[in-house]
Amino acid sequence: MNLFDILQGSVKKALIIKDSEHSYDELREASLSIASQLLQNNIKKGDRVLISATPSFETVSAIYGCARAGVIFVPIAPVISKRRLSSIIANSEPVAMLDDTGRFMNLPDNIGILKPSLKERTDPLPFPPSGSDIASIIYTSGSTGDPKGVTMTHDNMLFAANSIKTYLDMKESDVILNCLPLSFDYGLYQVLLSGHSEATLILEPSFIYLNNILKIIDERKVTGWPVVPAILELLFKMGKGEHS
């Protein structure tokens, strides 16, 4: 089993991003289109591909598309220092980058820049990867030195997602709000957890505007909101510590 296999096509709402909504059928088809795009650009199973991890439908589709193609995805922040990016490139040796921002125009010549294509696929896809194949390399912040890459197989990531899903008793009726970066493992796993549970995932670019976040929680009837200490600190400063 691989990460793509957790996507069950259905008309159920998979993603909410600003005013746009996307079903699991749409997400699955877009992911297959990106897998086909990678194949058309001679990117093979086991190759590494950077993903500019914006909170977008294209990014989530790219994650699952890479998984289906057997390509190792390396999520990076859409705003990243030159030093950090150079370190990640030197370590992971990517052959391409999937980017929907247009910000990465000065990469080395041997790294092709692809805008995620969500058009209908035309090429047959190769045999899917197995659970023991590498799915992703996730890099640490590099705050104490160069970023360190953590290599994760499909089995590793599925086991973690399934364990958290079971512990939290996540269901398809759940609505998860994520405002953490998708280049951060805690943020990335919200994509996998939601897909594994067939829950609805709301992607927000930041937690800075907490009044807006709290409004979304109320209006969308959010049942899960992953937070980090910085978010809790802002909440208490607002005097909203009692909000659950």
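Look above for the structure.
Residues numbered from 1 in each chain as written. Predicted model: local features only at pLDDT ≥ 70, side-chain atom pairs only at ≥ 80, totals over all residues. Heavy atoms only, no water.

### A word on the overall build of the chain
Here's step 1: A tally of regular secondary structure across the chain gives 7 helices and 10 strands.
Here's step 2: A compact globule built from 244 residues would reach a C-alpha radius of gyration of about 18 Å, and the chain, at 18 Å, matches this within 12%.
Here's step 3: Over its C-alpha atoms, taken along the principal directions, the chain stretches across nearly 55 × 40 × 30 Å.
Here's step 4: Out of the 244 residues in the chain, the part that is buried amounts to 50%.
Here's step 5: Across the chain, the fraction of contacts at a sequence separation of at least 24, relative to all contacts at a separation of at least 6, is 69%.
Here's step 6: Of the roughly 12000 Å² of accessible surface on the chain, 53% is carried by carbon and sulfur atoms.
Here's step 7: Looking at the chain, you have 23 positive and 27 negative side-chain charges, and the mean spots of the two groups are 3 Å apart. (Helix = DSSP H or I, 4+ residues; strand = E, 2+ residues; numbered from the N terminus. Rg over C-alpha atoms; globule rule 2.2 N^0.38 Å. Buried < 20%, exposed > 50% of the residue type's maximum accessible area, 1.4 Å probe, protein only. Contact = heavy atoms within 4.5 Å. Areas by Shrake-Rupley, 256 points an atom, 1.4 Å probe, with all protein chains shown as cover. Lys, Arg positive; Asp, Glu negative; His and termini not counted. Charge placed at Lys NZ, Arg CZ, Asp CG, Glu CD.)

### A closer look at the packing of aromatic side chains
Here's step 1: One pass over the full model with this rule turns up 1 aromatic pair.
Here's step 2: With a centroid separation of 6.3 Å and an interplanar angle of 85°, the aromatic rings of F184 and Y186 are classed as edge-to-face.
Here's step 3: A residue is classified by how much of its surface remains accessible, and Y186, at 34% relative accessible area, is partly exposed. (Phe/Tyr/Trp six-rings, centres within 6.5 Å; stacked < 30°, edge-to-face > 60°.)

### Some remarks on helix 3 (residues 82–92)
Because an α-helix completes one turn every 3.6 residues, residues spaced three or four positions apart along the sequence face the same direction.
Here's step 1: Considered for burial, the residues of helix 3 that qualify are L85, S87, I88, I89 and S92.
Here's step 2: Its buried side turned inward, helix 3 meets strand 3 (48–52), strand 4 (72–76) and strand 7 (134–139).
Here's step 3: Positive phi appears at E93, one or two residues downstream of helix 3, with a value of about 50°.

### A few points about a nonpolar patch on the surface
Here's step 1: On the surface, I164, Y167 and L168 cluster together into a nonpolar patch covering about 350 Å² of accessible area.
Here's step 2: Overall, I164 belongs to the partly exposed group, its relative accessible area being 33%. (Patch = residues over 30% accessible without salt bridge, like charges linked within 9 Å, V, L, I, M, F, W, Y side chains within 5 Å. Salt bridge = Lys/Arg side-chain N within 4 Å of Asp/Glu carboxyl O.)

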